[in-house]
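Structure at a glance
So you can see what is in the structure, the chains are spelled out below.
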Amino acid sequence: MVRRDGDHEPDQITERTRLSPGPEQPTLRPACVVVIHGEGLGRRADLGDDPVTVGRSRETDLCIDHPSVSRAHCRIERDGDGYRLVDLGATNPILLNDRPAACAPLADGDHVTVGESILKFIGQESVEARYHEEVYQLATHDALTNLHNRRHFVELADKEIARALRHGRPLTLGIVDIDLFKEVNDRHGHIAGDGVLREIGAVLRQHLRGGDIAARVGGEEFAILLPECALEPAARFAERLRAAVASTRFEPGGEARRITVSTGLAQLRPDRDSFSLLMRAADAALYRAKDGGRNRVELEH
Ligand SMILES: Nc1nc2c(ncn2[C@@H]2O[C@H](COP(=O)(O)OP(=O)(O)OP(=O)(O)O)[C@@H](O)[C@H]2O)c(=O)[nH]1
């Protein structure tokens, strides 16, 4: 029973028994633009009162890192109750539903061509927004841990590596592998093992700072990408993570068990300037961590 001041006099209040929660209330969804073709596929920007810029520069709100897209390509801004599209002088001018449009109002379902990518404008409350959100989530995340999946991690890592090289910034990649996980599965079963994977994913997520990227890249293997982070601070981060996992109380199949992780770290450098080279170096460090007794962090040589 809920009573607000001034609602009713006490003798007028009646008790109501709620038999079911009733139909789910639709949540009001903001209008948005979603990349439905080309570079940035699935990426979305919600639209509110502030203008949203689209372009190649990472300073834009919706970044499409492709040479066909200008650094600041177009803007979507409030126009009365709706939104309008404004070309910002892009080298490849924007097209609205395949026609040039320097400045035009947007209607639900409109297609905006930005370089070689196509964006779709989805008006407020459209059920399509939720659909796109779910498809994007499914395509880019691991269902068990809700961290990024391997494919999306590689895509994000490629961009971060390019950015770090361009600006001469540090970046470190880590591979975090659960120790003796086979024993967990063999003793407690695969479903209990899945529970452990989910919990380790949660510990990882708790330790990330904004900008860090974590993924499940293999069965019992996770990867972390730490932009703006050199090897030593990355090692301190990995050590905190190691200690956090080691002190977590896991109970697969109801039986308390200590579970640990080993981590290999490698920093980006001129002779190690691609995702595969970084992974190879981090993997070699991980191998040494396993070889050295597990539950430890090792750095690349
Ligand atoms: N429950 C569960 N287990 C998985 C999943 N993917 C891989 N595994 C298991 O992870 C285990 C990995 O075992 P190994 O590669 O031998 O390594 P390990 O036992 O962790 O030993 P070290 O890595 O040497 O410390 C195997 O038993 C796989 O079946 C998964 O999605 N769920």
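The structure displayed is predicted, hence computed values, not measured ones. (Residues numbered from 1 in each chain as written. Predicted model: local features only at pLDDT ≥ 70, side-chain atom pairs only at ≥ 80, totals over all residues.)

Moving on: the packing of helix 4 (residues 190-207) against helix 5 (residues 231-246). Relative orientation of the contacting elements helix 4 and helix 5 amounts to 140 degrees, with a least axis distance of 10 Å. One way to sum up the angle between helix 4 and helix 5 is to call them oblique. For helix 4 against helix 5, the interelement crossing comes out right-handed. Across the interface between the two elements, Ile 200, Val 203, Leu 204 and His 207 from helix 4 touch Arg 240, Leu 241, Ala 244 and Val 245 from helix 5. (Axes fitted to C-alpha atoms, helices over the stretch in contact; angles between N-to-C directions. Helix = DSSP H or I, 4+ residues; strand = E, 2+ residues; numbered from the N terminus. Parallel < 35°, antiparallel > 145°, perpendicular 65-115°, else oblique. Left-handed = near helix turned anticlockwise from the far one by under 90°. Contact = placed C-beta atoms within 7 Å.)

This brings us to the sheet that holds strand 2 (residues 44-46). To summarise the sheet geometry, strands pair through backbone hydrogen bonds and adopt either a parallel or an antiparallel arrangement. Read across the sheet, six strands follow the order 2-1-11-10-7-8 without closing on themselves; strand pairing throughout is antiparallel. Since the sheet does not close on itself, it has two edges, and those belong to strand 2 and strand 8 (99-100), each with one partner. In this structure, strand 1 (residues 32-37) lies alongside strand 2, joined through three bridges in antiparallel fashion. Within strand 2, the position partnered with Cys 32 by the bridge is Asp 46. Packed on one face of the sheet, helix 1 (residues 127-140) meets strand 1, strand 2 and strand 11 (117-122) and runs near 140 degrees to strand 2. (Pairing = 2+ DSSP bridges.)

Taken together, 15 residues lie around the ligand, and Asp 179, Phe 181, Lys 182, Gly 193 and Gly 219 are the ones closest in. Those elements that provide at least two residues to the shell around the ligand are strand 13 (171-178), helix 3 (181-188) and helix 4. At four residues, helix 4 tops the list of elements feeding residues into the shell around the ligand. Tallied by class, the residues present in the shell around the ligand amount to four nonpolar, four polar and seven charged. (Near = placed C-beta within 6 Å. Nonpolar A, V, L, I, M, F, W, Y, C, P; charged D, E, K, R; others polar.)

Mapped onto the secondary structure, Ala 235 falls in helix 5. With near-sequence residues (within four places) excluded, Ala 235 lies in contact with Leu 265, Val 297 and Leu 299.

This next bit is on the pairing of strand 16 (residues 261-267). Taking burial as the measure, the seven residues of strand 16 include seven buried ones, the bulk of the element. Both faces of strand 16 are covered, namely the face carrying Val 261, Thr 263, Leu 265 and Gln 267 and the face carrying Ser 262, Gly 264 and Ala 266. Alignment of strand 13 against strand 16, held across seven bridges, turns out to be antiparallel. By the bridge assignment, Thr 172 is partnered in strand 16 with Gln 267. Alignment of strand 16 against strand 17 (residues 297-299), held across three bridges, turns out to be parallel. Opposite Leu 265, over in strand 17, you have Leu 299 as the bridge partner. (Buried ≥ 20, exposed ≤ 12 C-beta atoms within 10 Å, placed from the backbone.)

Once that is clear, we can look at the domain arrangement of the chain. Each assigned domain of the chain is listed here: domain 1 (32-140) and domain 2 (150-299). Measuring from the centre of the C-alpha atoms in domain 1 to the corresponding centre in domain 2 gives 34 Å. (Domains from an automatic or database assignment.)

Further remarks concern the environment of Gly 123. Looking at the secondary structure, you find Gly 123 in the loop between strand 11 and helix 1. Taking the C-alpha atoms as reference points, Gly 123 and Cys 32, 91 residues apart in sequence, are found 6.7 Å from one another. When sequence neighbours within four positions are dropped, the list of residues in contact with Gly 123 reads Ala 31 and Asp 108.

The next thing to look at is the UniProt feature "domain: FHA" (unreviewed entry) in the chain. Using the residue numbers shown here, the UniProt feature "domain: FHA" (unreviewed entry) corresponds to residues 52-101. As annotated, residues 52-101 comprises 0% helix and 44% strand, and the C-alpha atoms at either end are separated by 17 Å. (UniProt positions renumbered as here; feature names shortened; annotations may be inferred.)

Turning to the nonpolar core, a few remarks are in order. Judged by nonpolar contacts, the single largest core of 41 residues is most densely connected at Phe 222, Ala 223, Leu 265, Ala 282 and Ala 285. Per-element tally for this core: the top contributor is helix 6 (residues 275-291), with six residues. Excluding its chain neighbours within four sequence positions, the residues that come into contact with Ala 285 are Gly 264, Leu 265, Ala 266, Glu 298, Leu 299 and Glu 300. Counting residues in each nonpolar core, the second largest holds 25 residues, with Val 54, Ala 101, Val 112 and Phe 121 among its members. (Core = buried A, V, L, I, M, F, W, Y, C linked by C-beta atoms within 7 Å.)

Mean pLDDT for the chain: 89, with 91% of residues reaching 70 or above. In the predicted structure, residues 1-26 sits below a pLDDT of 50 and forms five contacts with residues beyond four places in sequence or in another chain. Of the two predicted TM-score estimates for the complex, the pTM is 0.73 and the ipTM is 0.96. (pLDDT = per-residue confidence, 0-100.)

Next up on the list: the pairing of strand 6 (residues 82-87). Across the two faces of strand 6 the burial differs, with Tyr 83, Leu 85 and Asp 87 buried and Gly 82, Arg 84 and Val 86 not buried at all. Note that strand 5 (residues 74-79) and strand 6 share six bridges and pair antiparallel. Residue Glu 77 lies in a different strand from strand 6, and its bridge partner there is Arg 84. The antiparallel hairpin formed by strand 5 and strand 6 contains two residues in its connecting segment, where Gly 80 sits at a positive phi of about 65 degrees. For strand 6 and strand 9 (residues 103-105), the ladder comprises three bridges, and the chain directions are antiparallel. Bridge pairing in strand 9 links Arg 84 to Pro 105.

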